[in-house]
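# Overview (structure and organization)
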Amino acid sequence: MDVEISTLAERPELLVSVWELDPGWPAFMYHGPVADAHYGHFLDTFLDFSLVATSGSRVVARGYTVPFTLDFPGRKELPPDGWDRMLIWAFTDHRCGRKPDTVGAVEIVVAPDQRDKGLSSTMLAAMKDNARRHGFTRMVAPVRPTAKHEEPETPMGEYTERTRADGLPSDPWLRAHVRIGGRITGVAPASTVISGSLGQWREWTGLPFETEGPVVVPGALAPVWCSPRQDSAVYVEPNVWVEYSLSH
């Protein structure tokens, strides 16, 4: 399949079509407050950093990145609250007119019938190239390992250290990042936080949420903590920080 990758600044006629791609996330993943506040504004704010892949007239993938300032008082290091904090920094920096020094990879979504064909890696490489064209020397990604949901009770640090005989990560998405030059630099233990009432969690998951303690939820990378006494449950998702040097 021949694929053309452009920015949405170059292809504004595709602004509606990119949102039609289904990420296939579990239902609860659509209810994070940081995502609710910022997600829909990528295309209002960062068109030059929003990529779209087309095959003929069809949109087959999208990839969003955001520029932000890491070398700034109170920051300096990649944050433990990875994905959420990266979005907060990026939109705050944009509003303040602050000069960014880093590009953060937010997401890649591929059409369901085009998955497992290497298109995600193609989009990831295009994100790097686009950041480099804009003069950046660093790209980072709070990565959601694709197989981690199969063992949510395993600590992310332990999971990340697993490698194959060739030395590459066992997880396929982490492996894809490393293959194109990414370097795993640590865990973002509270990358995305989603809370809700027990009624909401029952609606999102179809599970009873009746017992105090951790609840294993399909699609979650870690157990959700349920508190019937407080009528609430909280999901704290760990991600993995991957860094890219774009200087060569």
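The written sequence of each chain sets the order in which its residues are numbered from 1. With pLDDT at 70 or above as the cut-off, local features in this predicted model cover only qualifying residues; side-chain atom pairs require 80 or more to be listed or tallied, and sums for whole chains, interfaces and linings still use all residues. The side-chain numbers reported here are obtained from all heavy atoms of the structure, hydrogens and water having been left aside.

### Some remarks on the UniProt feature "domain: N-acetyltransferase" (unreviewed entry) in the chain
UniProt positions are given in the numbering used here, feature names are shortened, and annotations may be inferred rather than shown by experiment. With numbering matched to this structure, UniProt assigns "domain: N-acetyltransferase" (unreviewed entry) to residues 99-145. Secondary structure elements are taken from DSSP: a helix is a run of H or I of four residues or more, a strand is a run of E of two residues or more, and numbering for both begins at the N terminus. Split by type, residues 99-145 is 32% helix and 32% strand. Its first and last C-alpha atoms lie 30 Å apart.

### Here we look at the pattern of salt bridges
Salt bridge, as applied in this entry: a Lys or Arg side-chain nitrogen positioned within 4 Å of an Asp or Glu carboxyl oxygen. As enumerated under the stated definition, the model contains 13 salt bridges in all. We note a salt bridge from R138 to D101, for which the minimum N-O separation is 3.6 Å. Here R138, found in strand β5 (residues 138-143), pairs with D101, found in the loop between α3 (82-96) and β4 (102-110); they are 37 residues apart in sequence, far enough to count as distant. Exposure is judged per residue with a 1.4 Å probe applied to protein chains only, and the accessible area is read against the type maximum: over 50% gives exposed, under 20% gives buried, and values in between give partly exposed. Relative accessible area serves as the criterion here: at 26%, R138 is assigned to the partly exposed category. In this structure D101 comes out as partly exposed when scored by relative accessible area, which is 22%. Between R144 and E237 there is a salt bridge, and its shortest N-O distance comes to 3.0 Å. Taken together, the residues span a long stretch of sequence, with R144 in the loop between β5 and α5 (156-160) and E237 in strand β9 (residues 232-245) at a distance of 93 residues. The exposure class of E237 is buried, given its relative accessible area of 1%. Each of R75, D93 and R98 takes part in salt bridges that share partners, so that together they form one network.

### A word on the nonpolar core
What is meant by a nonpolar core is a set of buried Ala, Val, Leu, Ile, Met, Phe, Trp, Tyr and Cys residues, joined one to another through side-chain atoms within 4.5 Å. Formed by 74 residues in total, the largest nonpolar core has its most connected members in F28, F42, W201, F209 and Y235. The contact criterion used is simple: two residues touch if any of their non-hydrogen atoms lie within 4.5 Å. Apart from the residues within four sequence positions on either side, F209 is in contact with L198, W201, R202, V215, V217, V224, C226 and A233.

### What to know about the packing of aromatic side chains
The aromatic pairing rule takes the rings of Phe, Tyr and Trp, using the six-membered ring of Trp, and pairs them if the centres are within 6.5 Å, calling planes under 30 degrees apart stacked, those over 60 edge-to-face and the rest tilted. The full count for this structure, using the stated rule, is 13 aromatic pairs. Relative to Y64, the ring of W19 lies with its centre 5.5 Å away and its plane at 55°, an arrangement referred to as tilted. Pair noted here: W19 is in the loop between β1 (4-7) and α1 (33-38) and Y64 is in strand β3 (residues 58-68), with a separation of 45 residues, a long-range link. Residue class for Y64 comes out buried when judged on its relative accessible area of 0%. Among the aromatic residues, those joined into a cluster by ring pairs are W19, Y39, F42, F46, Y64 and F91. The criterion for a charge sitting over a ring is simple: Lys NZ or Arg CZ within 6 Å of the ring centre, and within 35 degrees of the ring normal. One Lys or Arg, R98, reaches over the ring of F72 and ends 4.0 Å from the middle of that ring. Note that K148 overlies the ring of Y159, its terminal NZ or CZ placed 5.9 Å from the centroid.

### A word on the layout of surface pockets
We place a 1 Å grid over just the protein atoms. Points where a 1.4 Å probe fits but has no way out form a cavity, open points with protein on both sides within 12 Å along at least 5 of 7 lines form a pocket, and any residue with an atom within 4 Å of a point lines it. Grid points are joined across faces, edges and corners, and a volume is the space filled by probe spheres set on the points. Within this model, the largest pocket holds a volume of roughly 1300 Å³. Residue lining of the largest pocket: 50 residues in total, with W25, I108, R144, T146 and W173 positioned closest to the centre. Mapped onto the lining of the largest pocket, the elements with two or more residues apiece are α1, α3, β4, α4 (119-133), β5, α6 (172-179), β6 (183-197) and β9.

### Digging into the packing of α4 against α6
Packed helices, taken two at a time, are described by their axes: the angle between them and the distance between them. Interaxial angle, 0 to 180 degrees, is taken between N-to-C directions of lines fitted to C-alpha atoms, where a helix line uses only the stretch in contact. Running from N to C, α4 and α6 point in directions that differ by 40°, and their axes come no closer than 10 Å. In terms of orientation, α4 and α6 fall into the oblique class. In the crossing of α4 with α6, the sense of the turn from one axis to the other is right-handed. Of the residues in α6, those in contact with S120, S121 and L124 of α4 are W173, A176 and H177. Angles are sorted into four bins: roughly parallel if under 35 degrees, roughly antiparallel if over 145, roughly perpendicular if 65 to 115, and oblique for all others. Handedness of a crossing is defined here by the sense of rotation of the near helix relative to the far one, left-handed for an anticlockwise turn of less than a right angle and right-handed for a clockwise turn.

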